[in-house]
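Coordinate inspection notes
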Amino acid sequence: MSFREVVQVACILTLLSAGMSAQDFRATLTGRILDPSGAAVPSVTVEVRNVGTNEVTTVVADAEGRYIAPLLRPGAYRVSVEAPGFKKFIREGVVLEISQVARVDIKLEVGALTEQVTVTADAPLLEASTSSIGRVVDNRRILELPLNTRNVYSLVVLTPGITGSIGEWHDGMNWSAYGTRRRTMDILIDGATASQPTVTGYSAVSVFPSVDAIQEFKVTGANVPAEYGRTLGTVLNVVYKSGTNAFHGSAYDFLRNSEFDANNFFANTRGEKLQTFQRNQFGGVVSGPIRRSKTFFMGSYEGLRERRFSSTTTSMPTLLEREGDFSQTLAGANRLVTVYDPFTTRANPSGSGFIRDAFSGNKIAPGRMDAVGRNVLKYYPLPNQPGDAYTQKNNYSRSGSASVNTDNYDVRVDHNLSDTQKLLARYSKRHLEDVPAILFPREITIAEGRIVNTNWNHHAVAEHSYTLSPTTVLTSRLGFSRNLFPYQNQGVGFLPSTLGLPSIIDRYTDQVMFPRIEAAGYASLGHRDHRRSTSNTFSASASLAQTRGSHTLKYGFE
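Scope of this entry: the structure provided in the associated data block. If you're wondering where the values come from, they're calculated on a predicted model, not measured in any experiment. (Residues numbered from 1 in each chain as written. Predicted model: local features only at pLDDT ≥ 70, side-chain atom pairs only at ≥ 80, totals over all residues. Heavy atoms only, no water.)

Attention shifts here to the sheet that holds strand β6 (residues 75-82). As a general point, the strands of a sheet are linked pairwise by backbone hydrogen bonds and lie either parallel or antiparallel. Reading across the sheet, the five strands line up as β4-β3-β6-β7-β10 and stay open at both edges, with mixed pairing between neighbours. Only two strands of the sheet have a single partner each, and these edge strands are β4 (56-60) and β10 (116-120). For this sheet, the mean angle separating the axes of adjacent strands, direction not counted, is 20°. Sheet analysis places β6 next to strand β7 (residues 88-96), joined by six bridges and oriented antiparallel. When the sheet's bridge partners are listed, Ala76 is paired in β7 with Val95. (Pairing = 2+ DSSP bridges. Helix = DSSP H or I, 4+ residues; strand = E, 2+ residues; numbered from the N terminus. Axes fitted to C-alpha atoms, helices over the stretch in contact; angles between N-to-C directions.)

Our next topic: the nonpolar core. Generally speaking, soluble globular proteins have nonpolar side chains that are buried together. By size, the foremost hydrophobic cluster in this structure holds 28 residues, and its most contacted members are Tyr153, Met173, Phe217 and Leu236. Listed by contribution, the elements that provide at least two residues to this core are β12 (162-166), β13 (173-177), β14 (186-189), β18 (214-220) and β19 (235-240). For Tyr153, the residues in contact, after removing those within four places along its chain, are Ile166, Met173, Ile187, Ile189, Val205, Val207, Phe208, Pro209, Leu236 and Val238. If you look at the next biggest cluster of nonpolar residues, it comprises 25 residues, including Val46, Ala61, Val79 and Val117. (Core = buried A, V, L, I, M, F, W, Y, C linked by side-chain atoms within 4.5 Å. Buried < 20%, exposed > 50% of the residue type's maximum accessible area, 1.4 Å probe, protein only. Contact = heavy atoms within 4.5 Å.)

Looking at the element boundaries, Glu115 is found in the loop between β9 (106-107) and β10. Note: C-alpha distance between Glu115 and Lys87 (28 residues apart in sequence) is 5.2 Å. Those residues in contact with Glu115, other than ones at most four positions away along the chain, are Lys87 and Lys88.

Attention now goes to the environment of Arg78. Turning to its location among the elements, Arg78 is positioned in strand β6. When its relative accessible area of 27% is taken as the criterion, Arg78 is described as partly exposed. With residues near it in sequence (within four places) discarded, Arg78 still touches Glu47, Val48, Arg49, Val51, Ile90, Arg91 and Glu92.

One can find His459 in strand β29 (residues 451-469). Polar contacts involving the side chain of His459 include one to the main-chain carbonyl oxygen of Thr193, which spans 3.1 Å. Looking at His459, its side chain comes within polar contact range of the side chain of Arg426, at 2.9 Å. If we ignore the near neighbours within four places in the chain, the residues touching His459 are Ile189, Ala192, Thr193, Ala194, Ser206, Val207, Arg426, Tyr427, Ser428, Phe480 and Ser481. (Polar contact = N/O pair within 3.5 Å; in protein donor to acceptor, adjacent residues only side chain to side chain.)

Let's shift gears to unusual backbone geometry. Phi angles above zero are rare outside glycine, and Leu71 is one such case at about 55°. Residue position: Leu71 is located in strand β5 (residues 66-72). A positive phi is found at Tyr390, a non-glycine position, where the angle reads about 70°. Take Tyr390: it is sitting in the loop between α5 (371-377) and β27 (396-416). In this structure Tyr390 comes out as exposed when scored by relative accessible area, which is 51%.

Here the focus is the packing of aromatic side chains. Going through the model one piece at a time under the given rule, you end up with 10 aromatic pairs. Ring geometry for Phe480 versus Phe538: centroids 5.2 Å apart, planes at 40°, classification tilted. Of this pair, Phe480 sits in strand β30 (residues 472-489) while Phe538 sits in strand β31 (residues 531-548), and the two are 58 residues apart along the sequence. With relative accessibility at 64%, the residue Phe538 sits in the exposed group. Ring pairing ties together the aromatic residues Phe282, Tyr301 and Tyr409, which thus form one cluster. The ring of Tyr252 is capped by Arg150, whose NZ or CZ atom sits 4.2 Å from the centre of that ring. It is Lys393 that lies over the ring of Tyr522; its NZ or CZ is 4.1 Å from the centre. (Phe/Tyr/Trp six-rings, centres within 6.5 Å; stacked < 30°, edge-to-face > 60°. Lys NZ or Arg CZ within 6 Å of the ring centre and 35° of its normal.)

Between β6 and the antiparallel strand that follows it, β7, lie five residues; Gly85 among them carries a positive phi value of about 85°. Relative to β10, β7 is paired through five bridges, and the arrangement is parallel. Residue Lys88 lies in a different strand from β10, and its bridge partner there is Gln116.

Turning our eyes to something else, we now look at the pattern of salt bridges. Under the criterion given, the structure shown has 24 salt bridges. Across the pair Arg26 and Glu463 runs a salt bridge whose closest N-O atoms are separated by 2.1 Å. Pair noted here: Arg26 is in the loop between β1 (12-17) and β2 (27-34) and Glu463 is in strand β29, with a separation of 437 residues, a long-range link. With respect to burial, Arg26 and Glu463 carry one shared label: buried. Its salt-bridge partner being Lys363, residue Asp325 comes within 4.0 Å of it at the nearest N-O pair. Linking Asp325 in the loop between α4 (319-322) and β23 (330-332) with Lys363 in the loop between β26 (354-355) and α5, this pair joins segments that are 38 residues apart in sequence. Since its relative accessible area comes to 14%, Asp325 is described here as buried. Each of Glu55, Arg73, Asp190, Arg412, Asp414 and Arg426 takes part in salt bridges that share partners, so that together they form one network. (Salt bridge = Lys/Arg side-chain N within 4 Å of Asp/Glu carboxyl O.)

Right, here's the structure in full:
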């Protein structure tokens, strides 16, 4: 990167309307202080207190009575105002959502400070200071709405303009917003990006939060603020729960079993039995204070154990074909599949192409069969059913159990260094393993071409927030995101020379494994792929927000 580009990145300046939040999950509270006549009350101190953690943010209204309290964690707040000659004003039930810019205008009543006016209001607050389009999904909806496999990202489709699908894998975020291309979003978790590019250039995610550990999330689409720079489409902003001065905990176990399911109408009509399926998803969340009003924690664990029916019906070489006898190999009624001797290939006397002689009786003499071919045949399972009429295709059928195992861990700690300095740290880890069923006899399953898919996901964030003055806040953040997705070929370790192939292959191939073998009309053996891919994202950002009158000036880099 050139010096000019560094300067351009480091000197991003965005002039925004009142209270636009920084590039993170925090909310902003703004409004005006008025007397009974509607005139502004200047230089009044406004105290904004987090009900759960007892954190206090204090700001001073300007000459026009305007106040802005930036970088507030989503949650419930109590706003109080004291001014000489007026009764003390308290407003309860101010609930701020993720990245919200909420407005609360305060009208003071004439009286003594010993008197008090308390307003309780739980109605949604007006957000009129931003032009971006988005939707907040809070914890109540996250917990109560049905979620298959409890994937919180599935709820992004509640936002108008969102279409697509959401999967369980790191690259499963296949959705778009407002006509943008799919998989071009950025996903922020507690303010730090959790997105990475895939091998196809799209966006993947490294965190799959437990439903019970999430406070809320917001999808922002059109007119995304300038400080969100890592997206071509939308921004998904997710925030974990933090601990409070009270202990909270929950435990759960969701069970799904095909024993309680009914077979569908069409399967019953065909006489097919209900396929087996079992899923057990369990876990818990606990949060509370480590030191009251000072240090808080939240921890969660979620596990998933899934077993599902898997089957195959395919074609294997018949007993006669294994001995070189193709006299019963038919393509249909009275349609013999003729086998030709490749060593009799010669030019067609008519001058058009080449011709060959068929094997006598459509049988290959034992001495003409290749040693490698004979060894390969040992890794084809024997037919276990009659197969189709005439062709004897689909003569092998077998079923087994495939499995998915997932373990997900989250730990978050919030610490108040002082009334002006706050720390946040969180680490999340997820392990998912998808194991396909074994559908070959175990002694030859190494040739089956089975691939075990695994995801190892890590995400960490550390943040320091410093209120330099009632009108200036400095926020610094470090983030780390990692995806490791081994694509594990279960044929690895097999020496190709075992089949009679040249031993030089064993020495010079990058990874010895059972080779991919394809014969037209029959099941394939082996798999050609085996890899271990990793993607790491390191992020650092800082922003300085200054309130000047009805505007907030922002300086920052990422």
